Amino acid sequence: MKTGPYVVKQDIDRTGFWKKKPPFLGWLDMELTERCNNNCIHCGINLPAGDLDAKRKELSTDEIKNILKEALALGCMVVRFTGGEPLLRDDFEELFIFSRKQGLKVIIFTNATLITSRMAELFSRIPPLEKIEISLYGMEKSSYESVSRVNGSFEAAHRGIKLLLEKNVPFVVKGALLPQNKNEIDEFEKWAKMVPWMKGNPPSYSMFFDLRCRRDGKKNELIKKLRVSPEEGVNILTRKKDQYLNGMREFCSRFMRPSGDKLFSCGSGHGSCIDAYGYLHPCMLLKHPDTAYNLKRGSLEDALTNFFPKLKGMKTTNPDYLNRCAKCFLKGLCEQCPAKSWMEYGTLDTPVEYLCEVAHAQARFLGLVSGCEMAWEVADWKERIENFVKKKAVISKQGGIT
Amino acid sequence: MKNKVGLGYIFKRSEDVAARDVYDEFIIIPITSGIGKTDDELFSLNSFGKAVWDKMDGKRNLKEVAAALASEFEGPIKKIENDVLGFSEELFKRKLIIKV
């Protein structure tokens, strides 16, 4: 008779906890609303908080609970509530408690401005089991609110953060690097070190901003202007050069190779992303109608069994993509994917010039390509990566690697 | 010993945890804070543990639980009783079960 060990403590995270057999559905992302009480200049999704038409179309409390129940039956362990601003929903607390009582871990993406003492108390009593992720837009009221474009939002965010600190509710902070706050990066990192759950690590930043995922394009020209240039992006990424290089050596040894003609070479499809209106998408950013599945007329299981596998098998026929991206060994560095193509051009497979430039700027820094060389034309890419990984490359005085 | 339990004890499953049978794993997930050492601990039970857990109904004492298990697991009843005691202590220590 085999009995012990009776109870085993598990470190269960989103990616690697089921060693023997992963659950059918690893995680679930739910955009509870596309509305937000901030009006950030760079945001690719937000609708006004008072957009009644959007609110009317959103999934009801019961519809969300039914989706969560279905996800649970498929083995889902983690749900991420995001938006828009998920705390805008009147039923947020109800949905949070429901999820936790069903045995789900909950990740919350928020701007923290709507966190009340009652909500902090709730998170203290019923912990989400995952750190809350808070986006911040500036260290000063002027910088923050020139991004959020809502008077009083700076104070509201810090009030929310203070409440979480008082109740010892774990959270981490993230930033968006914009012209309005770029000169505050050191101050932000110094401040972030005081957040116990950051464990001394610097915050992550977004700076290569996505365009509007619904392709409601009025704001896109502004977003494009807010993006850092590829060279500036590399300067920011490589501020801590040794750390960056060590990370990239590890990364390049694993992820750098041409992706071929397969459209979806990322991990999309193991988890699921449900938008505020009940459509399932392979990823949060990809809202192309051809890759959306209407859950109101089907089921999560059907989508995962019959719909997503077809998407995963999709191949591109776009000659431009086939001549460039399909042959490019910078695939790991480059953010080119169907979602980015969708947001920029309304297609699934058009090379995104900005992302191509960003990837090449990084590759030039790492010494993987030189000058005007295009990575898809490089024949000896395996050797170049091997040399880089073996630390044969050295940093030049110009900041690049030779 | 604070968490020492006896065969006459009756336990019920805590309402502050969720138990889930996910494929080949039986997982206990804390709902409220104060379960386990940290708030993000989760626990998995082996097949024996799951069988005991299922019988922690707030009615049967541990001796009766062990007797019920004797039909599912091979071995001398004394050994099963000792294992039920050992398992119950671990659950009790972690506040996953409550003494009735």
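Please refer to the structure higher up on the page.
The rules behind the values
- Residues numbered from 1 in each chain as written.
- Chains lettered and ligands numbered in written order.
- Predicted model: local features only at pLDDT ≥ 70, side-chain atom pairs only at ≥ 80, totals over all residues.
- Helix = DSSP H or I, 4+ residues; strand = E, 2+ residues; numbered from the N terminus.
- Rg over C-alpha atoms; globule rule 2.2 N^0.38 Å.
- Buried ≥ 20, exposed ≤ 12 C-beta atoms within 10 Å, placed from the backbone.
- Contact = placed C-beta atoms within 7 Å.
- Pairing = 2+ DSSP bridges.
- Axes fitted to C-alpha atoms, helices over the stretch in contact; angles between N-to-C directions.
- Parallel < 35°, antiparallel > 145°, perpendicular 65-115°, else oblique.
- Left-handed = near helix turned anticlockwise from the far one by under 90°.
- Nonpolar A, V, L, I, M, F, W, Y, C, P; charged D, E, K, R; others polar.
- Arc of directions from axis to C-beta.

A.B. asks: Got a minute to help me understand the overall build of chain A in this structure?
C.D. replies: Scanning chain A from terminus to terminus reveals 15 helices and 12 strands. Compactness check: chain A gives a C-alpha radius of gyration of 22 Å against a globular reference of 21 Å for 402 residues, within 12% of the reference. Seen along its three principal axes, the alpha-carbon backbone of chain A occupies a region of about 55 × 55 × 50 Å. Here chain A holds 402 residues, and 43% of them are scored as buried. The long-range share in chain A, meaning contacts at least 24 apart out of those at least 6 apart in sequence, stands at 70%.

A.B. asks: Would you mind showing me how to read the sheet that holds strand β5 (residues 57-61) of chain B here?
C.D. replies: Neighbouring strands of a sheet are bound in pairs by backbone hydrogen bonds; such pairs are parallel or else antiparallel. Residue and element names in this part refer to chain B. One open sheet holds the 3 strands; their spatial order is β5-β1-β6, and the pairing between them is antiparallel. Edge strands, defined here as strands with exactly one partner in the open sheet, are β5 and β6 (97-99). The sheet shows a mean angle of 30 degrees between the axes of neighbouring strands, direction not considered. With 2 bridges connecting them, strand β1 (residues 10-13) and β5 associate as antiparallel partners.

A.B. asks: Sorry, what's going on with unusual backbone geometry here?
C.D. replies: Most peptide bonds are trans, and most residues other than glycine sit at a negative phi. Between Gly83(A) and Gly84(A) the backbone carries a cis peptide bond, its omega angle lying at 25 degrees. Relative to the helices and strands, Gly84(A) is located in the loop between β5 (78-82) and α3 (92-101). The phi dihedral of Arg215(A) falls on the positive side, at around 55 degrees, and the residue is not glycine. Relative to the helices and strands, Arg215(A) resides in the loop between β9 (204-206) and α8 (220-226). The exposure class assigned to Arg215(A) is partly exposed, which follows from the 14 C-beta atoms found within 10 Å. With phi around 65 degrees, Lys95(B) is a residue other than glycine that occupies positive phi space. For Lys95(B), the location among the structural elements is in the loop between α3 (77-93) and β6.

A.B. asks: Honestly, the pairing of β5(A) in this entry has me stumped. Any pointers?
C.D. replies: It is a general feature of regular strands that their side chains alternate between the two faces of the sheet. All names here are of chain A. Summarising burial for β5: 5 of the 5 residues are buried, a large majority. Residues Val78, Arg80 and Thr82 point to one face of β5 and Val79 and Phe81 to the other, with burial holding for every one of them. Relative to β5, strand β2 (residues 27-31) is paired through 5 bridges, and the arrangement is parallel. Bridging across to β5, Leu28 finds its partner in Val79.

A.B. asks: Just checking my understanding: could you explain the packing of helix α1 (residues 47-55) of chain B against helix α2 (residues 62-69) of chain B for this structure?
C.D. replies: When two helices pack together, their arrangement is given by the angle between the helix axes and the distance between those axes. All names here are of chain B. Running from N to C, α1 and α2 cross one another at 125 degrees; their axes reach a closest spacing of 10 Å. The pairing of α1 with α2 is recorded here as oblique in orientation. Where α1 crosses over α2, the handedness of that crossing is right-handed. Counting all contacts with α1, which are made through Ala51, Val52 and Lys55, the residues of α2 involved are Val65, Ala68 and Leu69. Of the residues assigned to the contact of α1 with α2, the class counts are 5 nonpolar, no polar and 1 charged.

A.B. asks: Looking at this structure, how should I read the environment of Asn82(B)?
C.D. replies: With respect to the helices, strands and loops of the structure, Asn82(B) is situated in helix α3. Distance in space between the C-alpha atoms of Asn82(B) and Gly6(B) is 9.8 Å, their sequence separation being 76 residues.

A.B. asks: Honestly, helix α15 (residues 381-389) of chain A in this entry has me stumped. Any pointers?
C.D. replies: The α-helix advances 3.6 residues per turn, and as a result positions three or four apart in sequence lie on the same side. All names here are of chain A. Taken together, the buried positions of α15 are occupied by Trp381, Arg384, Ile385 and Phe388. One side of α15 holds all its buried residues, which, seen down the axis, span an arc of 95 degrees. Seen from the open side of α15, the exposed residues pointing more than 90 degrees away from its buried face are Lys382 and Glu383.

A.B. asks: Looking at this structure, how should I read the sheet that holds strand β12 (residues 293-294) of chain A?
C.D. replies: All names here are of chain A. If you trace the 9 strands from one edge of the open sheet to the other, you get β9-β8-β7-β6-β5-β2-β10-β11-β12, paired in mixed fashion. The two strands at the open ends of the sheet, each matched to only one other strand, are β9 and β12. Of the pairings in the sheet, the one linking β2 to strand β10 (residues 272-274) comprises 3 bridges and is parallel in character. Among the inter-strand pairings, Leu28 is bridged to a residue of β10, identified as Ser272.

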